[in-house]
Amino acid sequence: MKVIAAVIGMGIGEKHLRAIDGFLGSKVKIICEKNKKKIQMLKKKYPDKIITSNEESIFLDKQINLVSIASYDNYHYNQILKCLRFNKNIIIEKPMCLNSNQLKNIYKLIKKKNIKMTSNLVLRVNALFKDFKKRINKKKVFYIEGDYIYGRKKKLFGWRSNIKQYSLTLGAGVHIIDLINWLTGLKPKAVYATGNKKATKGTVFKKNSMIAMMFEYPKDIIVKITANGAAIFDHFHELKIFSDNQTLVNSKLGSYIVKNGKIKKILANYPDKQNRKKLIHNFIETLIKKNIKPIISIKEQIDLMTICFAVDKSAKLNRKIKINYL
Ligand SMILES: NC(=O)c1ccc[n+]([C@@H]2O[C@H](COP(=O)([O-])OP(=O)(O)OC[C@H]3O[C@@H](n4cnc5c(N)ncnc54)[C@H](O)[C@@H]3O)[C@@H](O)[C@H]2O)c1
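All residue numbers here refer to positions counted from 1 along the written sequence of the relevant chain. Under the rules for a predicted model, residues below a pLDDT of 70 receive no local features and side-chain atom pairs below 80 are neither given nor counted, while totals for whole chains, interfaces and linings still include all residues. Side-chain calculation: all heavy atoms of the structure are included, whereas hydrogens and water are not.

**Re the site of the ligand**
Spelled out, the test is: What makes a residue near a molecule or strand is one non-hydrogen atom of that residue sitting within 4 Å of it. Note on areas: these come from Shrake-Rupley sampling with a 1.4 Å probe, and a residue is covered only by the protein chains present in the view. A pocket, in this scheme, is an open set of points on a 1 Å grid over the protein atoms alone with protein on both sides within 12 Å along at least 5 of 7 lines, while a cavity is a set where a 1.4 Å probe fits but cannot get out; residues line either one if an atom lies within 4 Å of a point. Criterion for pocket placement: a molecule counts as inside a cavity or pocket if more than half of its atoms are within 2 Å of its grid points. Helix and strand definitions follow DSSP, with helices as H or I runs of at least four residues and strands as E runs of at least two, each counted in order from the N terminus. Gly is placed with the polar residues, together with every amino acid not listed as nonpolar (Ala, Val, Leu, Ile, Met, Phe, Trp, Tyr, Cys and Pro) or charged (Asp, Glu, Lys and Arg). Note that the domain bounds were set by an automatic or database domain assignment.
I12, E33, K38, D73 and E93 are the nearest of the 23 residues found near the ligand. Contact with the protein chains hides 88% of the accessible area of the ligand, taken as 840 Å² for the molecule alone. Cavity membership is defined here by more than half of the atoms lying within 2 Å of grid points; on that basis the ligand lies in the largest pocket. Secondary-structure elements contributing two or more residues to the shell around the ligand are helix 4 (73-85) and helix 7 (159-162). Sorting elements by how many residues they give to the shell around the ligand places helix 4 first, with four residues. In the shell around the ligand, the residues fall into eight nonpolar, eight polar and seven charged. Each of two domains, domain 1 (4-115) and domain 2 (123-272 + 304-322), supplies a minimum of three residues to the shell around the ligand.

Here's what the structure looks like:
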């Protein structure tokens, strides 16, 4: 099979395009973008591609077997449904959808189809976190903390302010929740979350711009995660993994392991942006070759969204929520 793809949305979608085009003979045939100015620029930059503002032309094109969805969050659900209806494999930017009814419907429909889907959870291919995954002593971990420090407050005041169900859990926390699930091979049983709007008060962004989540994981592990949209800081994924015999740290001061009374630097790459395309490359391999294991399964993606919705429910109701997986 040769992958013939379309990409919707040319923000981060342009990175998808570059990851897909030419990889194992894959080709991006159609770019869908609704911003007129960008369309003019794209026509010059990509003269060999069809540039359209009409997504229907993607779904009606029988050659297209992969659609990469990098539109605003509120379009993801309907675009996934169309992919399912027209039998297109799917790369979906996070978040997959905006509420649990949408999630249930996607899960119900995708189970009936022979369609593959991946979410672009790029921290799974980061060299430093892959190194952490090798070093983590799963049996002895008792506490993990992870902070998604957004460091780009201004971005919240664009389209993210206009989407009714936008949440920083879905837009930022999702990456750290997924990272910790992947590192531990576990998923949380319950969450208590709380948020505030203090740092964005008086702006157009009306949602919580800071959310703190406390998770109960199996094996008596406590996990604390923050989605910090308002920090005056670099964009950063801070992580500490505490076991009874070692501590792994990624901080602005560097990455290191504390063990046997010594602090040793870990040299693996972070933020390792050049490797982010590996997730899409793995997905294309699952489409083309036999017996390739996806970096993230569909059930893991569905469970991740279930966790995010539980976090937002907990912050809204101000009580602990048991997480009921589909
Ligand atoms: N995985 C990651 O690390 C990561 C990073 C950034 C953004 N994202 C996600 O990617 C998506 C896009 O975010 P972004 O930062 O690229 O935004 P952006 O504003 O930089 O770019 C989005 C582009 O998509 C276009 N667009 C939006 N909806 C469209 C539609 N229905 N049809 C055609 N074009 C459309 C816009 O005109 C814009 O050019 C969001 O869902 C966001 O959460 C993920």
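**Side note on the layout of surface pockets**
Let me state the cut-off plainly: Grid points are joined across faces, edges and corners, and a volume is the space filled by probe spheres set on the points.
Looking at the largest pocket, its volume works out to about 1200 Å³. Lining the largest pocket we find 46 residues, and of these G11, I12, A70, E93 and R160 sit closest to its centre. Among the elements of the structure, helix 1 (13-20), helix 4, helix 7 and helix 8 (168-184) are those that each provide at least two residues to the lining of the largest pocket. Across the lining of the largest pocket, the residue classes tally to 16 nonpolar, 15 polar and 15 charged. Looking at which domains feed residues into the lining of the largest pocket, each of domain 1 (4-115) and domain 2 (123-272 + 304-322) gives three or more. A volume near 760 Å³ is recorded for the second largest pocket. If you go around the second largest pocket, you meet 30 residues; those closest to its centre are F309, A310, D312, K313 and K316. Of all the secondary-structure elements, those providing two or more residues to the lining of the second largest pocket are helix 5 (100-111), helix 8, helix 10 (298-317) and strand 15 (321-322). The element best represented in the lining of the second largest pocket is helix 10, accounting for eight residues. A per-class count over the lining of the second largest pocket returns 13 nonpolar, seven polar and 10 charged. Both domain 1 (4-115) and domain 2 (123-272 + 304-322) contribute no fewer than three residues apiece to the lining of the second largest pocket.

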